[in-house]
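Working through the structure, step by step
Each chain, letter by letter, is given below.
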Amino acid sequence: MPPMKASAGEVAALRGLLAQSGGRASWQALERVAGSAEFRAFLESRHPSLGGLLGGTGRRRILQVMAASFAFGGLAGQARAQDSTEDQIVPYVRQPTGLTPTVPLSYASATLLDGIANGVLVTTIDGRPIKIEGNPDHPWSRGGTDAFGQASVLGLYDPDRSQAVQHLGGVSEWDSFRTALQAPFAALRATRGKGLRLLTGPVTSPTLIAQIERMKNTMPEMHWHAHAPAGRDTLYAGARQAFGKPLETRWNFDKASLIVSLDSDFLDPGPQQAGASRAWAAARRRSLHEGRLLAMHAVAPSPTLTSAKADYHLPVAQRDLPPLAHALLAKTKGGEGPLGEWTDTVVAALEGARGQSIVLAGTHQPAEVHAAVHRINAAFGNTGTTVGYIDPVVAQAEPLRELVQAMRQGEVAMLVMLDTNPVYSAPADADFGHLLSGVALKVHAGLHFDETAALSDWHLPLSHPLECWGDARSLDGTASVIQPTIQPLYDGRSAIEILSMLTDPEPRAGYEMLRAFWRGQMGDDFEAAWRQALLAGFVSGSAFPAQPVKPAALATAVAPATTAAALQVLVRPDPTIWDGSFANNAWLQELPKPLTRTVWENVVAISPKLAAREKLKNGDVVVVDVAKRQISGPVWIQRGQQDDTITLRLGYGRRQAGSVGDGIGYDAYGLRSFDALWQIGGATLRQAGASASVATTQQLDDQEGHDYVRMQPVGGKPVGDNSAFTQPTLYQREESDGRAWGMVIDLDSCIGCNACIVACQAENNVPVVGKKEVLAGRDMHWLRVDRYYAGADENPDTRFMPVPCMQCEAAPCEPACPVEATLHDAEGLNLMVYNRCIGTRACSAYCPYKVRHFNFLHYSEAPASIQAQRNPNVTVRGRGVMEKCTYCVQRIVAARIDADTNHKPIPDGAVVTACAGACPTQAITFGNLAEKESAVAKARADGRNYALLGELNTRPRTTYLAALAPEERKA
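This is a predicted model, so every value here is computed, not measured.

1. Looking at the overall build of the chain
Looking only at helices and strands, the chain features 29 helices and 37 strands. Within the chain, the proportion of its 971 residues that are buried is 60%. By element, 52% of the accessible surface of the chain is carried by carbon and sulfur atoms, the whole surface being about 37000 Å².

2. Thoughts on the nonpolar core
Among the nonpolar cores identified, the biggest contains 95 residues, and L588, M801 and Y960 are the most heavily contacted of them. It is helix 5 (residues 147-156) that contributes the most residues to this core, 6 residues altogether. In this structure M801 touches Y708, V709, L747, R784, V785, D786, Y946, L948 and Y960, once residues within four positions along its chain are discounted. Counting 31 residues, the second-largest nonpolar core is a separate cluster that includes F177, V416, V443 and L460.

3. Digging into the sheet that holds strand 34 (residues 924-928)
As summarised here, the arrangement of the 4 strands in space is 34-27-36-35, forming an open sheet in which the pairing is mixed. Each of the sheet's edge strands pairs with one partner strand only, and the pair in question is strand 34 and strand 35 (945-946). Two strands pair when backbone bridges link them, and strand 35 and strand 36 (residues 958-961) are joined in this way by 2 bridges, in the antiparallel orientation. Residue pairing in the sheet places N945 in a bridge with L961 of strand 36.

4. Details of the packing of aromatic side chains
By the definition in use, this model includes 19 aromatic pairs. Both rings, one in F148 and one in W578, keep their centres 5.7 Å apart while their planes meet at 65 degrees; by these two values the pair is edge-to-face. Taken together, the positions of F148 in helix 5 and W578 in the loop between strand 20 (567-572) and helix 20 (586-589) put the pair 430 residues apart, joining distant regions of the chain. Taken as a pair, F148 and W578 share a single burial class, namely buried. Through a chain of ring-to-ring contacts, three or more aromatic side chains come together here, namely W469, Y511, F526 and W530. One residue, R654, lies across the ring of Y424, its end atom 4.8 Å from the ring centre. The ring centre of F856 lies 3.9 Å from the NZ or CZ of R778, which sits over that ring.

5. Considerations on the packing of helix 6 (residues 174-190) against helix 17 (residues 495-503)
Packing of helix 6 against helix 17 brings their axes to within 8 Å, and their N-to-C directions diverge by 60 degrees. By the criterion of interaxial angle, the relationship of helix 6 to helix 17 is oblique. Side by side, helix 6 and helix 17 meet where W174, F177, R178, L181, F185 and R189 of the first sit next to I498, M501, L502 and T503 of the second. For the contact of helix 6 with helix 17, the residue count by class is 7 nonpolar, 1 polar and 2 charged.

6. As for helix 19 (residues 526-536)
Since the α-helix packs 3.6 residues into each turn, any two residues three or four apart lie on the same face. For helix 19, the set of buried residues is F526, W530, A533, L534 and A536. G537 lies just past helix 19 and shows a positive phi near 95 degrees.

7. With respect to the sheet that holds strand 3 (residues 128-134)
Ordered by their spatial adjacency, 3 strands build an open sheet running 1-2-3, and the pairing between neighbours is antiparallel. Every other strand in the sheet has two partners, leaving strand 1 (105-113) and strand 3 as the edge strands with one partner each. Across this sheet, the average inter-strand angle for adjacent strands is 40 degrees, counted without regard to direction. Bridge count for strand 2 (residues 116-125) against strand 3 is 6 bridges, and the pairing is antiparallel. From the neighbouring strand, I125 faces strand 3, where its bridge partner is R128. Sheet contacts for helix 5: strand 1 and strand 3; angle to strand 3, the most-contacted strand, approximately 170 degrees.

8. Examining the confidence of the model for the chain
Interpreting fine coordinate detail is not advised for predicted regions of low pLDDT. Mean pLDDT over the chain stands at 88; residues scoring 70 or higher make up 87%. Under a pLDDT of 50 for its full length, residues 1-6 has, in the predicted model, 16 contacts with residues more than four places off or in other chains. pLDDT under 50 marks residues 21-29. Its contacts with residues more than four places away, or in other chains, come to 10 contacts.

9. Quick look at the side chain of K593
One can find K593 in the loop between helix 20 and strand 21 (604-606). Here K593 falls in the buried class, since its relative accessible area comes to 4%. Polar contacts involving the side chain of K593 include one to the side chain of D574, which spans 2.8 Å. With residues near it in sequence (within four places) discarded, K593 still touches D574, P575, T576, T598, E601, Y652 and N754.

10. Some remarks on the packing of helix 8 (residues 233-243) against helix 13 (residues 367-379)
At a minimum axis separation of 7 Å, helix 8 and helix 13 run at an interaxial angle of 50 degrees. Taken together, the axes of helix 8 and helix 13 are oblique relative to one another. Seen along the crossing, helix 8 lies across helix 13 with a hand that is right-handed. Contact residues: T234, L235, A237, G238, A239, Q241, A242 and F243 in helix 8; A367, E368, H370, A371, H374 and R375 in helix 13. Tallied by class, the residues present in the contact of helix 8 with helix 13 amount to 7 nonpolar, 5 polar and 2 charged.

11. Digging into the pattern of salt bridges
Scanning the entire structure with this criterion turns up 39 salt bridges. In this structure, R161 and E467 form a salt bridge, with 2.3 Å as the shortest nitrogen-oxygen distance. On the criterion of sequence distance, the pair formed by R161 in the loop between helix 5 and strand 4 (166-167) and E467 in the loop between strand 17 (458-461) and strand 18 (470-473) is long-range, its members being 306 residues apart. Classification of R161 as buried rests on a relative accessible area of 3%. Residue classification places E467 among the buried residues on the basis of a relative accessible area of 3%.

12. Some details on the environment of S844
Within the secondary structure, S844 sits in helix 25 (residues 842-846). Through-space distance from the C-alpha of S844 to that of M882 is 8.3 Å; in sequence the pair is 38 residues apart.

13. Some thoughts on the pairing of strand 34
Within strand 34, 4 of the 5 residues are buried, which leaves it mostly tucked inside the rest of the structure. Of the pairings in the sheet, the one linking strand 27 (residues 741-746) to strand 34 comprises 5 bridges and is antiparallel in character. Residue G742 lies in a different strand from strand 34, and its bridge partner there is G927.

14. Notes on helix 8
Every buried residue of helix 8 is listed here: T234, L235, Y236, G238, A239, A242 and F243. In the core, the buried residues of helix 8 are packed alongside strand 8 (248-251), helix 13 and strand 13 (387-390). Remark: G244 follows helix 8 within two positions and exhibits a positive phi of approximately 85 degrees.

15. Here's the deal with the state of the cysteines
If you walk through the whole model with that rule in mind, you get 0 disulfides. With no disulfide of its own, C805 lies closest to C885 among cysteine sulfurs, the gap being 5.7 Å. Counting only cysteine sulfurs, C888 is the nearest neighbor of C915, a cysteine outside any disulfide, at a range of 6.2 Å.

16. What to know about unusual backbone geometry
In this structure, R192 takes a positive phi of about 60 degrees despite not being glycine. Look at R192 and you get partly exposed, because its relative accessible area is 48%.

17. So, the environment of P220
Following the sequence through the fold, P220 ends up in the loop between helix 7 (206-218) and strand 7 (223-226). Sequence separation between P220 and R189 is 31 residues; the distance between their C-alpha atoms is 9.4 Å.

18. Considering the environment of L305
When you line up the elements, L305 lands in helix 10 (residues 305-308). The spacing of L305 and L267 is 38 residues in sequence and 6.0 Å in space, taken between C-alpha atoms. Residues within four places of L305 in sequence aside, it is in contact with L267, D268, P269, Q273, P594, L595, I751, G752, C753 and F800.

Definitions and cut-offs
All residue numbers here refer to positions counted from 1 along the written sequence of the relevant chain. Given that this is a predicted model, residues contribute local features only at a pLDDT of at least 70 and side-chain atom pairs are listed and counted only at 80 or more, while totals for whole chains, interfaces and linings are drawn from all residues. Hydrogen atoms and water are omitted, and side-chain values are computed over all heavy atoms in the structure. Think of it this way: any DSSP run of H or I at least four residues long counts as a helix, any run of E at least two long counts as a strand, and we number them from the N terminus. Buried means the residue's accessible area, taken with a 1.4 Å probe over protein chains only, is under 20% of the maximum for its type, while exposed means over 50%, and partly exposed covers the values in between. Throughout, the Shrake-Rupley method with a 1.4 Å probe supplies accessible areas, and for residues the shown protein chains are the sole cover considered. To form a nonpolar core, buried Ala, Val, Leu, Ile, Met, Phe, Trp, Tyr and Cys residues must be joined to one another through side-chain atoms within 4.5 Å. Two residues form a contact once any of their heavy atoms are found within 4.5 Å. Here a strand pair is declared whenever DSSP counts at least two bridges between the two strands. Stacked, tilted and edge-to-face are the three classes applied to pairs of Phe, Tyr and Trp rings, where Trp contributes its six-membered ring and a pair requires centres within 6.5 Å; stacked means planes under 30 degrees apart, edge-to-face means over 60, and tilted covers the rest. Note on geometry: a ring has a charge over it if NZ (lysine) or CZ (arginine) is within 6 Å of the ring centre and within 35 degrees of the ring normal. To define axes, lines are fitted to C-alpha atoms, for helices over the stretch in contact only, and angles between the resulting N-to-C directions are given on a 0 to 180 degree scale. By definition in this entry, angles of less than 35 degrees are roughly parallel, angles greater than 145 are roughly antiparallel, angles of 65 to 115 are roughly perpendicular, and the rest are oblique. Only Asp, Glu, Lys and Arg are considered charged in this grouping, and only Ala, Val, Leu, Ile, Met, Phe, Trp, Tyr, Cys and Pro are considered nonpolar; every other residue, Gly among them, is considered polar. pLDDT is a residue-level measure of predictor confidence that goes from 0 to 100. Identification of polar contacts relies on pairs of N or O atoms within 3.5 Å, with a donor-acceptor requirement for protein atoms, meaning one able to donate a hydrogen and the other able to accept it, and with residues adjacent in sequence counted only if both atoms are side-chain atoms. Definitions for this section: a left-handed crossing has its near helix turned counterclockwise from the far helix by less than a right angle. A right-handed crossing has that turn clockwise. Each reported salt bridge corresponds to a side-chain nitrogen of Lys or Arg within 4 Å of a carboxyl oxygen of Asp or Glu. The definition used for a disulfide is geometric: two cysteine sulfur atoms within 2.5 Å.

Here it is as C-alpha cells:
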C-alpha cells in the first residue's frame, strides 16, 4: 500500500523543525527532528510496529533514517503545489457506487519504450496497480502487449527508485533546487539561452515537445539534443537519403502476399513489436483462410525472432547486406552459392507479387540499407499500397554527437538531462563522464540515481508513468493519454513539471499543462473530448496522415562486398533489459532470452563453426578486441549465426542500476563509437583462460526424434490428431455444470516473445529466484516457451512452443500425491491445494510435461514496496509447496460468481487468462470446450490441432495448432 499521508498539522510542525536549522536540509537538521517529541509521536501513531525498536541500542539511527525518509520522501511531497488528481482520473470501466475492496478497476493509459507509447489498461486493486493488460481499442496495439510493458508495473514499486532531490551527494528538496537555479536561468535568459543545453531521451510527448519549443522561442540560442542508445536514428537517416526528409514507415500486412526481410526486426522486442506482430499474425491467418500463405524470406547475420519465423531464411554476413539490397533493387542475378540462389528466388518472387509485397530492413541497419529498401518498395509498386509513410513520431532534436563537440569546446555552461543516462550509454569515444566534469552546472532527472546522476550537481527523481500525467505517441502517430493510477509513492516530478519549475514564474502541475495543451488541439467541445480521451486511453483521430513520397535517384554507386573473413561485431539491444533501462527489473532479468534461453547476464554469441575453430564451448570466457577497446564475457554458441559474426548485447555492466542490476555482465557500450554504433569490423576473439556458469532454462535444443512442434504444409495432409481424447482410460470424469475449460495455442502465431511469461508472473505472484537457483534447475515460472531447432546447425528452422500446465483430464500427478493436494474440480481444472502439500514432489516426478515447480526456499520474501504489487486474489505461497499454472482460476471464479449472481451462462470470451491477454499475436485461445460454438472449441476442431505427448493418454486440456509451412517445403 502507498505510504500514509501525514496530517497538515504534523507536516507543519516537522517542516518547521527542519526550517529552523537554516540553509539547506542536512543531517544536523535530521538529528534535531529525530530527537523531537513531535516526530516520535508522529512515528508511533503512523507506524506502531516500530515502537519496540525505539528503545533499543539502534534507536538513534532508526530515528535519523526514518526522519530522512519522511522528511524528504514524504513530508516534502506534501507541499507539492499541484492539483489533486483523486477526482480527475477516469476509470476505463464503470466504477460501482462506493469502493468495494478487492474489486479490480481498469484505467486506460500507456507504457513507454524509447519514449514511444503502447496503449494499455492498468488493473488496480484497492488503489494499487498490479497488472498491465492490452487495450483492445487502441489503434496501434489493438490489445497487444510486450514483456517490457508487462514488467513496467514492477518498476513502479522498485525500492531502488530515486525518492528525493539530491545536491552534491546530499539530500535536498525541490524548493531548494528551484531557488538555486533561478539566478543561473535568469543569466541564461539575458544571453538568449547561449550556453544552455537540454539533453533528453527519445521524446514523442506532444505536450513536452510544445514546452521545449516554447523554451527555444524564449531562449533561441539554447540547444535541444536527444540521446537514444537503442533508437531509430539510422532508420530516419535512411528515409532522409531516399526522400530528403525523415519519415516513419507503415506496413500494411493485410494487403501483402510476400514479405522480404533484410535483417528486419519487426517481430522482435522493441517499440514496434506489439502493433506490428499483431498485424502480421492477423494477416497470416487471413491468408490461410484464403487458401494461400503470407510467406516471408529473410536474411540475417545473427538470428532474430523475425528470421526465426521466416519460411525461408539464410544467415549472411553483415558486410553482404548493403550490396544484397542493391542487387534486389537492380534485379540482378545473385551469383553462385546459397546467397545467390536466395537473391534469385526473392527477385522472382517480388516480380510475381508487384504491389503486394513488403521489403523491410532492421532498425539498426546502416542508413544506406534503409534507403535501398525504400527504393526497392517503390520499384516493385509497393509504395502507397503495402508500404506507407508518415512523419516521424520521435521528435527530431540535435544528436548527442553535437553536444559532445560543444562540451569539448567549452560552449556548455548548463546541461539539463531528462530521463537519459549518457555517462553509461554514450559511445566510448564520447568520453562523456570526463567531459561532464567541465560543465559548470549539471542537472539530471531520472527514475534512478544512476551513473549520470552520480556525476551531476543536482539529481531530481522522475515520476513513474503509472503515477503521473503525460502523453506520448505510438508508431502510427496516435497520441495516448497517460493518467496516474496511484498517488505518487515518492517525491518525484514528471519531465514537464521539472521544465515548468525551470521556466515558468510559478511551477504548474502536470495535469494543468496537459489539459492546456490539448485544449488547443481538441476544439470547442474540449471537456467532452478530454473525457473521451481518458476513457479510451488515446485521442481519437490523432494518428499521423500518410505522406506522399517519391524516392530520389540513387546518388552514388555502392561498393561491392568485401571478401575478407575478418570478424564483425554486431551490437544490439538486449531482448529483456533493452538498453539497460530495465536492468533493475528482476522479472526481466530472470526472463529467458527468446533465442539463447539464458538469464541474468549477457553472453558473447558465436556460430558453431567459429566455436569449433577457436575450440570454445558454452561458458568459456573470451575477450573481444575492437580498435584498442575490449570486453570479456562468456561464449554462447548460437545456431543459425553467420560464421564471421559476433553478437553482443547492450544493457549490462551497470555500476549504479540498483540492488538487482549492478555488476552483472559486460558493458558493450565500451566498444561503440559514433561512427560504428551497431556494426563494428576488424574484431578479434581470444580465449581468456577462464569459464563461467551461464544460467539457462532450457538444456536441450532438439526434439530428440519427437514431434513436439508439428509442421502443417499449406494444402497438404492435416497433421492434427484428436485421437488422444478417445482412447480408453481408467479415469472417470463427471462434469457437474457442463463447463470444460481448455486452451489451444497456435504455434504458427507464437513468435517466442515471452510476454505471456511476464504476464503470468504479474497475475499469479510468481517469485523471482535468482541466478544461483536457476543454475540449480529451480526456476519458478509457471509458463515456459521452449525453443527447438530442426535441421543443420548452419541454418536451422527455429520453432517456439509455450508450455503451461496441460490440465490433463487423466492427470498422472494426481494419483502420485499422498495427500490429494493436486486434484480435479468439477470443471476439469487440475488444482493445487497449497495448505495440503507436504512437499513430496512425487507429482513433479509423474508429470511428463515438467510444468510443476517446487519452492525450495522462501522465494516470496520481498521488500514491502514489492509486496504491494501482488495480486490479493492469488495466494502467496510459503516455502515447501508445489506451484503450477491453474488457467488463472481466480479469473474463472470471478466470472462464475458473476454468472451465477445474474443467473446467466458465462459468455464466450468473458474469461481471458493472463497469458492469452498479453499475447501480441493472439496465439492463445481460452474458453469453454463444452460450448460447441466457442472460439476454443472451434480451434480444437481444426485439422492442425494435436495434443503434446498425446500418446501417453493424459488427455490434456491444452492442445496446439501445428505451425504452417509453404506447400513446397512439406517434404
